[in-house]
Amino acid sequence: MLWQCVGVAAALGGIFLLHKAWQKRLKAQREALAGSLLVLFSLVAWAQTSGADKGVALGIIVVVIIGGLAVLMTALQVPKRTKREGRAVPQRVSEPPQTGPALWLRHIYNGVLLFLITGLAAVFLSAGLFLLLRWLGMEHGVNLTLIAFLFSILWASLAVYVGSQPTMLRKSLVIWGLAIAPAVGLALAS
């Protein structure tokens, strides 16, 4: 019972910090890291309750429920931002506007980056982590269960990162790097 309470408390704290990081956007690296570590600690605490496979699955369910409730509460709040009279709303311009075929190519590349390349990056990162955990001696079934959950979380996280970055160069470099580096590592390891 103690580990379950610790797991719920860590999940609540992690989701709260991740929500605060989301509100601050680019100036919240500490909150994002602390929130992610608390969510990970929550899964470790849940693994202590019912074993590494069932406990982690229960922990992920708790994190998803708490995250869903946090999103629902945010959606139900009255918008806090209002336009002030006589003040222009600043607009952020990250890249010059494009029209015609260049715009269509940009959208197609963004879609490929968002769905395909982030998926490949998640596959290669998950496979690399699977091999690392196998090398560390983790039981095969537990390792597969953990990686199956981690893959979807990684893919979703990378897709959110791609969608949130305003500059094409930064998100391209990060996602391509996360897709290529583990693939090269896996190729060299086998």
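Residues numbered from 1 in each chain as written. Predicted model: local features only at pLDDT ≥ 70, side-chain atom pairs only at ≥ 80, totals over all residues. Heavy atoms only, no water.

A. Seen up close, the confidence of the model for the chain. On average, the chain scores 80 in pLDDT, and the residues at 70 or more come to 88%. No element of the chain has a lower mean pLDDT than helix 3 (residues 52–76), which averages 79, and none a higher one than helix 1 (residues 2–24), which averages 87. (pLDDT = per-residue confidence, 0-100. Helix = DSSP H or I, 4+ residues; strand = E, 2+ residues; numbered from the N terminus.)

B. The arrangement of a nonpolar patch on the surface in detail. Nonpolar side chains collect at one region of the surface, where Trp 3, Leu 33, Leu 37, Leu 40, Phe 41 and Val 44 lie side by side and expose about 580 Å² of accessible area between them. With five residues, the single largest contributor to the nonpolar patch is helix 2 (residues 29–50). With respect to the helices and strands, the residue Phe 41 is situated in helix 2. (Patch = residues over 30% accessible without salt bridge, like charges linked within 9 Å, V, L, I, M, F, W, Y side chains within 5 Å. Areas by Shrake-Rupley, 256 points an atom, 1.4 Å probe, with all protein chains shown as cover. Salt bridge = Lys/Arg side-chain N within 4 Å of Asp/Glu carboxyl O.)

C. Structural detail: the side chain of Glu 31. As for its placement among the helices and strands, Glu 31 is situated in helix 2. A polar contact is formed between the side chain of Glu 31 and the side chain of Lys 24, at a distance of 2.6 Å. Ignoring sequence-local partners within four residues, the contact set of Glu 31 consists of Leu 17, Ala 21 and Lys 24. (Polar contact = N/O pair within 3.5 Å; in protein donor to acceptor, adjacent residues only side chain to side chain. Contact = heavy atoms within 4.5 Å.)

D. Region of interest: the packing of helix 5 (residues 140–164) against helix 6 (residues 168–189). Running from N to C, helix 5 and helix 6 cross one another at 160°; their axes reach a closest spacing of 9 Å. Relative to helix 6, helix 5 is oriented roughly antiparallel. By crossing handedness, the relation of helix 5 to helix 6 is classed as left-handed. Within the contact between the two elements, helix 5 uses Leu 158, Tyr 161 and Val 162 and helix 6 uses Arg 170, Lys 171, Val 174, Ile 175 and Leu 178. Counted by class, the contact of helix 5 with helix 6 contains six nonpolar, no polar and two charged residues. (Axes fitted to C-alpha atoms, helices over the stretch in contact; angles between N-to-C directions. Parallel < 35°, antiparallel > 145°, perpendicular 65-115°, else oblique. Left-handed = near helix turned anticlockwise from the far one by under 90°. Nonpolar A, V, L, I, M, F, W, Y, C, P; charged D, E, K, R; others polar.)

E. Expanded view of helix 6. The first and last C-alpha atoms of helix 6 sit 32 Å apart over 22 residues, in line with the 32 Å expected at 1.5 Å per residue. Taken residue by residue, helix 6 has Met 168, Lys 171, Ser 172, Ile 175, Ala 179, Pro 182 and Leu 186 as its buried positions. Check the buried side of helix 6 and you find it contacts helix 4 (101–135) and helix 5. (Expected span 1.5 Å × (residues − 1). Buried < 20%, exposed > 50% of the residue type's maximum accessible area, 1.4 Å probe, protein only.)

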